[in-house]
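Chain by chain, the residues run as shown.
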Amino acid sequence: MYELYDKDGKFICYRMTKRIKNDSGEYDVLTARSKKSEKECRKIMDEKIRNYYIQKEKEKHKGVFPDMLFKDFADNWYELNVKDADCSKVNKDNYKNYVYTHIIPYFKSYKLCDIHEDDCQRFLNQYVGKSKAMVSKLRMTLRRIMRKAKKQKLIPDNPAEDIVLPQVTQGSRRPITDEERAMILETAKIHYAGAMILTMLYCGLRPIEVRNLKWADIDFTNDLLTVTKSKTAAGTGRKLPVPPQLKTALIEHKLKGQNDEWVFVRYKNHKLPLDENSFYHAWHNFCREMDIANGATVYRNQVTKSTLAPDLEPYLLRHTFCTDCQAAGVPLNVAKELMGHSDISVTAKIYTHMVDEVFEQNRKRLAEYAIFKEQKKANA
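A brief report on the enclosed structure follows. (Residues numbered from 1 in each chain as written. Predicted model: local features only at pLDDT ≥ 70, side-chain atom pairs only at ≥ 80, totals over all residues. Heavy atoms only, no water.)

What to know about the overall build of the protein
Scanning the protein from N- to C-terminus turns up 14 helices and eight strands. Along the first, second and third principal axes, the C-alpha set of the protein runs to 125 × 55 × 40 Å. Out of the 380 residues in the protein, the part that is buried amounts to 38%. The contacts of the protein with a sequence gap of at least 6 include a subset with a gap of at least 24, amounting to 56%. For the protein, the exposed area adds up to about 22600 Å²; of that, 50% sits on carbon and sulfur atoms. Mean positive and mean negative side-chain charge positions of the protein (66 and 51 charges, respectively) differ by 3 Å. (Helix = DSSP H or I, 4+ residues; strand = E, 2+ residues; numbered from the N terminus. Buried < 20%, exposed > 50% of the residue type's maximum accessible area, 1.4 Å probe, protein only. Contact = heavy atoms within 4.5 Å. Areas by Shrake-Rupley, 256 points an atom, 1.4 Å probe, with all protein chains shown as cover. Lys, Arg positive; Asp, Glu negative; His and termini not counted. Charge placed at Lys NZ, Arg CZ, Asp CG, Glu CD.)

So, the sheet that holds strand S4 (residues 218-219)
Sheets are built from strands paired through backbone hydrogen bonds, the pairs being either parallel or antiparallel. With antiparallel pairing, the three strands of this open sheet are ordered in space as S4-S5-S6. Single-partner strands in this sheet number two, and they are S4 and strand S6 (239-241). By the bridge criterion, three bridges tie strand S5 (residues 224-226) to S6 in an arrangement that is antiparallel. The partner of Thr 226 across the bridge, within S6, is Lys 239. (Pairing = 2+ DSSP bridges.)

Details of helix H6 (residues 178-188)
Here H6 has its buried residues at Glu 180, Met 183, Ile 184, Thr 187 and Ala 188. The buried residues of H6 all sit within an arc of 130° when viewed along its axis, so they share a single face. Residues of H6 that are exposed and angled more than 90 degrees away from the buried face: Asp 178 and Glu 179. Against the buried residues of H6 lie helix H7 (194-203), helix H10 (276-293) and helix H11 (315-327). (Arc of directions from axis to C-beta.)

Here's the deal with the pattern of salt bridges
Evaluation of the coordinates by the stated rule reveals 15 salt bridges. Ionic pairing is found between Lys 71 and Asp 72, a salt bridge with its closest N-O pair at 3.5 Å. For Lys 71, a relative accessible area of 30% puts it in the partly exposed group. Take Asp 72: its relative accessible area is 35%, and that puts it in the partly exposed class. (Salt bridge = Lys/Arg side-chain N within 4 Å of Asp/Glu carboxyl O.)

Some words on the layout of surface pockets
Size it by volume and the second largest pocket reaches roughly 510 Å³. Lining the second largest pocket are 15 residues, with Asp 75, Tyr 100, Tyr 299, Gln 302 and Thr 304 positioned closest to its centre. Put simply, the parts of the chain that give the lining of the second largest pocket at least two residues each are helix H2 (70-81), helix H3 (89-107) and strand S8 (302-305). Here the lining of the second largest pocket is built from residues that sort into five nonpolar, two polar and eight charged. (1 Å grid on protein atoms, 1.4 Å probe; cavity = no way out; pocket = protein on both sides within 12 Å on 5 of 7 lines; lining within 4 Å. Points joined across faces, edges and corners; volume = space filled by probe spheres on them. Nonpolar A, V, L, I, M, F, W, Y, C, P; charged D, E, K, R; others polar.)

Quick notes on the packing of H3 against helix H4 (residues 117-125)
For the pair H3 and H4, interaxial distance at closest approach is 11 Å and the crossing angle is 135°. Between H3 and H4, the crossing angle belongs to the class labelled oblique. Of the two elements, H3 crosses H4, and the hand of that crossing is right-handed. Mapping the contact onto sequence places His 102, Ile 103, Tyr 106 and Phe 107 in H3 and Asp 119, Cys 120, Arg 122 and Phe 123 in H4. Split by residue class, the contact of H3 with H4 holds five nonpolar, one polar and two charged. (Axes fitted to C-alpha atoms, helices over the stretch in contact; angles between N-to-C directions. Parallel < 35°, antiparallel > 145°, perpendicular 65-115°, else oblique. Left-handed = near helix turned anticlockwise from the far one by under 90°.)

What about the nonpolar core?
Met 196, Leu 225 and Phe 264 are the most contacted members of the largest nonpolar core, which has 47 residues in total. Those elements that provide at least two residues to this core are H6, H7, helix H9 (244-255), H10, H11, helix H12 (332-339) and helix H13 (344-351). The contacts of Leu 225, once residues within four sequence positions are left out, are Thr 199, Cys 203, Leu 205, Leu 213, Asp 217, Ile 218, Arg 238, Lys 239, Leu 240 and Val 242. Among the nonpolar cores identified, the runner-up in size contains 30 residues, and Ala 74, Val 82, Val 99 and Ala 149 belong to it. (Core = buried A, V, L, I, M, F, W, Y, C linked by side-chain atoms within 4.5 Å.)

Section: the sheet that holds strand S2 (residues 11-21)
Pairing in this open sheet of three strands is antiparallel, and the strands run S1-S2-S3 from one edge to the other. What marks the edges here is a single partner per strand, and that holds for strand S1 (2-5) and strand S3 (27-34). Each strand of the sheet is rotated relative to its neighbour by a mean of 35°, with strand direction disregarded. Where S2 lies against S3, eight bridges are found, and the strand directions are antiparallel. Residue pairing for S3: Lys 21 is matched across the bridge by Tyr 27.

Here we look at the pairing of S1
Bridge count for S1 against S2 is four bridges, and the pairing is antiparallel. Counted as the bridge partner of Tyr 5 is Phe 11 from S2. Taken together, S1 and the strand that follows it, S2, pair antiparallel across an intervening segment of five residues, in which Gly 9 is found at a positive phi of about 85°.

Notes on unusual backbone geometry
One non-glycine residue, Arg 300, lies in the positive phi region at around 50°. Tracing the backbone through its elements, the reader meets Arg 300 in the loop between strand S7 (297-299) and S8. The phi torsion at Asn 301 lies on the positive side, around 70°, for a residue other than glycine. Position of Asn 301 among the secondary structure elements: in the loop between S7 and S8. Asn 301 sits in the exposed class, given a relative accessible area of 55%.

Here's the deal with the environment of Ala 370
Positionally, Ala 370 belongs in helix H14 (residues 356-379). A relative accessible area of 39% places Ala 370 in the partly exposed class. Spatially, the C-alpha atoms of Ala 370 and Glu 57 are 78 Å apart, while their sequence positions differ by 313 residues.

Okay, structure coming up:
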């Protein structure tokens, strides 16, 4: 607060300014003047501040109206509440996937005010048999969108508040299918992250292990890979065989000369190893290219209708490596060491999920053994 005078020293008015930081990180300046008193000037400033925040709130929800299409509201929700939120890029990418790949395509023809609880339940029931984690996150995202609509008084109640999970797969991951394996192998030939994906598939590495892999950890002479950094003591220091197809991919990757120390580096800065965000960026970009090649629908450079399974994630490659060990007849105790499990019961849980090929192999072995016993008995 200060007083203004003209050049002749005559009092003009009381003047007060207020700087308010906006969403862009810049400052908006409000000014209040009064010829009466300081109290009047402060009153004017308080009114200007109140009107400022009301206007900003209106700008945030510009274009939002009760009978708008759900897809427009959901898009507006993501732009305002997630896109620039203070959270990791991985979380933002996950939300983007839930909103634009799953939720919006289902409700695209609905008006926001016409969506009922049964509609939300039918949406969730599509994912029967999928992982509990993924379906729970879809439900949470839909609830948050509808909660915001209710808060803005666009709908009387949240239709997603009481929807229940359908029958889901809890606490277990699956191996990739033969079709997914074929798509992954084909995309790996041309994608910049292809060698990284193949390393996870053929060696069963965890994301943190592949991110910390160094060229010194790979023995091309003896075809061995050593895990020098893992999230568990059991995983650290284990040695894994490098199959010929992976060895070829890694040699080709090394010849690119991106980094003399780290095997896999960031896409935009080859001097730095992968961190969590850059790893998942590479994974999502790999899946996007694979999806498009498989016939995904793309609109304005966004995948609007995916051909990939919603639960396809990096850890499935590690699970697949374990089931591949089972299919190849690798003993359970050896597989435990290759996987870096501290407890053999963890490996056993995966081994009990028998793939069709393993079941067929053992069925034939039992049949052959039964024939052998019958022949032996007949010849006695």
